[in-house]
Amino acid sequence: MKLVPQRSRVGVTWVVGSFLVSSHSLWKQFSKRLICQRILQSREGRRGIYCQRPSRLLRYFEFRKSSISRLYRTNNHCVHWKMQHHSVQQVVENDHRFPRNIQIRSDKVTNFGGDWLVLGLEESPKQQQDEVCSLPSALVEQLDKQQQEAIYSLLKETRFQGKLGSNQYQRIFLPGVGIRYIALFGLGKIENGNHTMIDVIRKLGGFISQVALQYKTCTSAGVWTSLSSWTPDQVQALLEEVMLGLYKDDRFKGTPEETDSPCINEICLLHETKVHSSLVTKAKSMVSGIIMTKELVFAPANRVTPTFLSQVAIQLAQHYGMEYKILDKEQCQKMNMGCYLGVAQGSSEPPKFIHLKYSPPQGPVKKKIALIGKAITFDSGGYNLKAGVGSMIELMKFDMGGCAAVLGAAKVIGELKPHHVQVDFIAASCENMISGNAYHPGDVLQASNGKTVEVINTDAEGRLTLADALVYAEQTDTFDCIIDVATLTGAMIIALGNEYAGFWANQEELAQRIESASKRYGEKLWRMPLVNEYMESLKSKIADLKNVGGRAGGSITAALFLREFVKQAPWAHIDIAGTVWNEKQSVATGFGVRTLVELCESFSREQ
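Definitions and limits used
- Residues numbered from 1 in each chain as written.
- Predicted model: local features only at pLDDT ≥ 70, side-chain atom pairs only at ≥ 80, totals over all residues.
- Heavy atoms only, no water.
- Helix = DSSP H or I, 4+ residues; strand = E, 2+ residues; numbered from the N terminus.
- Buried < 20%, exposed > 50% of the residue type's maximum accessible area, 1.4 Å probe, protein only.
- Contact = heavy atoms within 4.5 Å.
- Areas by Shrake-Rupley, 256 points an atom, 1.4 Å probe, with all protein chains shown as cover.
- 1 Å grid on protein atoms, 1.4 Å probe; cavity = no way out; pocket = protein on both sides within 12 Å on 5 of 7 lines; lining within 4 Å.
- Points joined across faces, edges and corners; volume = space filled by probe spheres on them.
- UniProt positions renumbered as here; feature names shortened; annotations may be inferred.
- Phe/Tyr/Trp six-rings, centres within 6.5 Å; stacked < 30°, edge-to-face > 60°.
- Axes fitted to C-alpha atoms, helices over the stretch in contact; angles between N-to-C directions.
- Parallel < 35°, antiparallel > 145°, perpendicular 65-115°, else oblique.
- Left-handed = near helix turned anticlockwise from the far one by under 90°.
- Nonpolar A, V, L, I, M, F, W, Y, C, P; charged D, E, K, R; others polar.
- Pairing = 2+ DSSP bridges.
- Salt bridge = Lys/Arg side-chain N within 4 Å of Asp/Glu carboxyl O.
- Right-handed = clockwise from strand over helix to strand, strands pointing away.
- Core = buried A, V, L, I, M, F, W, Y, C linked by side-chain atoms within 4.5 Å.
- Expected span 1.5 Å × (residues − 1).

## A closer look at the overall build of the protein chain
So, point 1. Looking only at helices and strands, one finds 17 helices and 23 strands in the protein chain.
So, point 2. Buried residues in the protein chain amount to 52% of all 607 residues.
So, point 3. Residue pairs in contact within the protein chain that sit at least 24 positions apart in sequence constitute 78% of those at least 6 positions apart.
So, point 4. By element, 48% of the accessible surface of the protein chain is carried by carbon and sulfur atoms, the whole surface being about 27900 Å².

Spelled out as structure tokens, the structure:
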């Protein structure tokens, strides 16, 4: 069959494109991202390439055989459009995708000569409804007359009252003064205690990144707040939030926005606060791990498969010198992981059981911690299909958010290298799909500890995979604590919404440690009860357990189910179903990484 390429319209774009295409060397050298190519393939396998008039001249897509491609069919040919995406290595080594070069220091207001002055002002507890926020005397004493007048003018014009999260900013013109912009940010009524200072500081950091994205030529921001001093945790939180706010994930955009990157490279705290280099290093490592978690959760399910997750784990292990083990289906069958493999059997994607182990580079191991993440890369619900209103099936790519948080924590731990703690990272990864091979409602599955489970609902699959992962952890080593993280139940969203994650623990000391870790870094957790009376709803007449109880207390019965697969170790379960995704912005949050890292470090500091 003879190939007859379709001609595009004659125009300036076509003329310029034809000129460049006429020379192959020029095409390679000058037209990266220039003109869309289409590969025409006849039945005999011959290829012909022709150009189509693009919407913009400087756009280029490679069309090659790829694991991720879109197939467009027309009458005589097929078009393969390879998505622009990052390799496994680039997901792990992501330093180039956020402004890691930002530095933070401290100085006096009188010495600051940067572009941009940010003032964090507190709302007065006795402030009247229309009363404008006042400037603290400690700040006024450090400002010259011109600066004072500019700030007072902005306060009065905007009726700024310092309410939490409120903000104003404007350009100023002061002769002989380096400051070009003044910004006001409301800290709220701090004395009320409704918000922790870490929460407020993170909001302030987000505001700084927002303004930096708007005024891209600013290179230095001076930050003054009504706080008497900055704690190391507050400094770290500010730097983290600025870097996270400047990050943007456009890997899967066919035509990424071509905008200039912000030029901000320095934050100056206008207080007498010591900023240690180790704190800055830790903040950047934490951001790197959180971004990796966000990217894994945000990526579509045809990108992040169980195999892809296993490759990310291997890359982490090789990059940070960890031990790793990836079990395939046959190996899991030999270990009798019937619950895990029962969920996996409906998908054409092979299951991958992931195990990473971090060991301290020096000194003896005094504490051993196991972190287990739910890793369902796509959850259709199985035969109990997610078909109703609010089922969020289109977002079920985030059902591996627990695994992503665990791998993000592994990345941070690998960079920080805490002493005296061994940390094992475990995930039973698979998809929950419908097919002729899929498990059915009413099936009985047997976990690797011998317990049998009657499948009442195939959409309660996460607890089945976690059951075998929990048994594996206890059989592998003797851990001082085992913690699983999962987007486990919709009931958790109903109970606590999108701001708080719920957690359960079978030991008081571990529960207090988790609460302390979450409060230190501002991740909101709420302890939930393990109500033994609710175990009645999990009893089965045909098996040892049912995989769901009744409608009441769904998140509690899910935690009780998991507890049945832990024999002796101190154990905790964290349900992040509500916090894994930001609905307003339609992005992943990276929730859980900070708490898990701090938990591991808390064990390290005690030794």
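## Points about the layout of surface pockets
So, point 1. In this structure, the largest pocket spans a volume of roughly 1700 Å³.
So, point 2. Glu241, Asn582, Gln585, Val587 and Thr589 are the residues nearest the centre of the largest pocket, which is lined by 36 residues in total.
So, point 3. For the lining of the largest pocket, the secondary structure elements donating two or more residues are helix H6 (197–214), helix H7 (232–246), helix H8 (277–298), strand E22 (581–582) and strand E23 (587–588).
So, point 4. Tallying contributions element by element places H6 first for the lining of the largest pocket, with seven residues.

## What to know about the UniProt feature "domain: Cytosol aminopeptidase" (unreviewed entry) in the protein chain
So, point 1. The sites that carry the UniProt feature "domain: Cytosol aminopeptidase" (unreviewed entry) are, in the present numbering, residues 457–464.
So, point 2. Secondary structure across residues 457–464 divides into 38% helix and 0% strand, with the first and last C-alpha atoms of the span separated by 11 Å.

## Looking at the packing of aromatic side chains
So, point 1. One pass over the structure, following the stated rule, counts ten aromatic pairs.
So, point 2. Considering the side-chain rings of Phe398 and Trp581, the 6.0 Å spacing of their centres and the 40° angle between planes classify their relative orientation as tilted. Remark: Trp581 occurs in strand E22 and Phe398 occurs in the loop between strand E13 (367–379) and helix H12 (401–416); sequence separation between them is 183 residues.
So, point 3. Taken together, the aromatic side chains of Tyr169, Tyr181, Phe185, Phe207 and Tyr215 make up a single cluster linked through ring pairs.

## Comments concerning the packing of H7 against H8
So, point 1. In contact at an axis separation of 9 Å, H7 and H8 are set at 45° when each is read in the N-to-C sense. Classified by the interaxial angle, the pair formed by H7 and H8 is oblique. With respect to the hand of their crossing, H7 and H8 are arranged in right-handed fashion. The residues of H8 that touch H7, namely those facing Pro232, Val235, Gln236, Leu239, Glu240, Met243 and Leu244, are Leu279, Val280, Lys282, Ala283, Lys284, Met286, Val287, Ile290 and Ile291.
So, point 2. Across the contact of H7 with H8, the residue classes break down as twelve nonpolar, one polar and three charged.

## Brief notes about the side chain of Thr293
So, point 1. The residue Thr293 is located in helix H8 in this model.
So, point 2. When its relative accessible area of 1% is taken as the criterion, Thr293 is described as buried.
So, point 3. When neighbours within four sequence positions are excluded, Thr293 is seen to be in contact with Ala404, Ala405, Gly408, Gly590 and Val593.

## Notes on empty space enclosed by the protein
So, point 1. Summed over the entire model, instances satisfying the criterion amount to three cavities of 30 Å³ or more.
So, point 2. The space that makes up the largest cavity amounts to roughly 60 Å³.
So, point 3. Counted by class, the lining of the largest cavity contains six nonpolar, two polar and one charged residues.

## What to know about the sheet that holds E13
So, point 1. One open sheet accounts for eight strands, arranged E11-E12-E14-E13-E17-E21-E18-E19; its pairing is mixed. Lying at the two open borders of the sheet, with one neighbouring strand each, are strand E11 (323–327) and strand E19 (525–527). Pairwise comparison of adjacent strand axes, ignoring direction, gives a mean angle of 20° for this sheet.
So, point 2. Examined bridge by bridge, strand E18 (residues 501–505) and E19 share three bridges and lie parallel to one another. Directly across from Ala501, in E19, lies its bridge partner Leu525.
So, point 3. Packing against the sheet, H12 makes contact with strand E12 (352–358), E13, strand E14 (421–432) and strand E17 (481–486), and its axis sits at approximately 140° to E13.
So, point 4. Contacts between helix H16 (residues 554–563) and the sheet are confined to E17, E18 and strand E21 (571–575), with E21 contributing the most and set at about 145° to the helix.

## Re the pattern of salt bridges
So, point 1. Summed over all chains, the structure comprises 26 salt bridges.
So, point 2. A salt bridge links Lys374 to Glu461; the shortest N-O distance between them is 3.4 Å. Of this pair, Lys374 sits in strand E13 while Glu461 sits in the loop between strand E16 (452–454) and helix H13 (462–476), and the two are 87 residues apart along the sequence.
So, point 3. Overall, the relative accessible area of 2% leaves Lys374 in the buried class.
So, point 4. According to the relative accessible area criterion, Glu461 is buried, its value standing at 0%.

## Observations regarding the environment of Val566
So, point 1. Relative to the assigned elements, Val566 resides in the loop between H16 and E21.
So, point 2. Counting along the chain gives 99 residues from Val566 to Ala467, while the straight-line C-alpha distance between them is 8.5 Å.
So, point 3. Discounting residues that sit within four places of it in the chain, Val566 has contacts with Leu470, Glu474 and Trp571.

## Description of H16
So, point 1. Most of H16 is tucked away: nine of the ten residues are buried.
So, point 2. Listed as buried for H16 are Gly554, Ser555, Ile556, Thr557, Ala558, Ala559, Leu560, Phe561 and Leu562.

## Considering the environment of Lys546
So, point 1. With respect to the helices and strands, Lys546 occurs in strand E20 (residues 545–546).
So, point 2. Here the alpha-carbon distance between Lys546 and Phe561, two residues 15 residues apart in the chain, equals 8.5 Å.
So, point 3. Ignoring any residue separated from it by four or fewer positions in sequence, one finds Lys546 in contact with Val453, Glu454, Ile456, Ser537, Leu538, Lys539, Ser540 and Phe561.

## Description of the pairing of E14
Along a regular strand, successive side chains alternate from one face of the sheet to the other.
So, point 1. For E14, the tally of buried residues reaches twelve of twelve residues, placing the bulk of the element in the interior.
So, point 2. Of the two faces of E14, both are covered, the one formed by Val421, Val423, Phe425, Ala427, Ser429 and Glu431 as well as the one formed by Gln422, Asp424, Ile426, Ala428, Cys430 and Asn432.
So, point 3. In this sheet, E14 lies alongside E12 in antiparallel orientation, the contact comprising seven bridges. The residue of E14 that forms the bridge with Tyr358 is Val423.
So, point 4. When E13 meets E14, the two strands line up parallel, connected through eleven bridges. When the sheet's bridge partners are listed, Lys368 is paired in E14 with Gln422.
So, point 5. Once the chain exits E13 it traverses H12 before rejoining the sheet at E14, and the crossover so formed is right-handed.

## Remarks on the nonpolar core
So, point 1. Counting residues in hydrophobic clusters, the biggest one holds 107 residues, and the most contacted among them are Trp116, Leu296, Leu407, Phe425 and Ile483.
So, point 2. Take this core: its biggest share by element is ten residues, from H8.
So, point 3. Once residues within four sequence positions are removed from consideration, Leu296 is found in contact with Val91, Val304, Phe308, Leu309, Val312, Met400, Ala404 and Leu407.
So, point 4. Cys332, Met337, Ala447 and Val531 belong to the second-largest nonpolar core, a separate cluster that totals 50 residues.

## Observations concerning H13
So, point 1. The end-to-end C-alpha distance of H13, which contains 15 residues, comes to 21 Å, matching closely the 21 Å that a straight helix rising 1.5 Å per residue would cover.
So, point 2. Those residues of H13 lying buried are Gly462, Arg463, Leu464, Thr465, Leu466, Ala467, Asp468, Ala469, Leu470, Val471, Tyr472 and Ala473.

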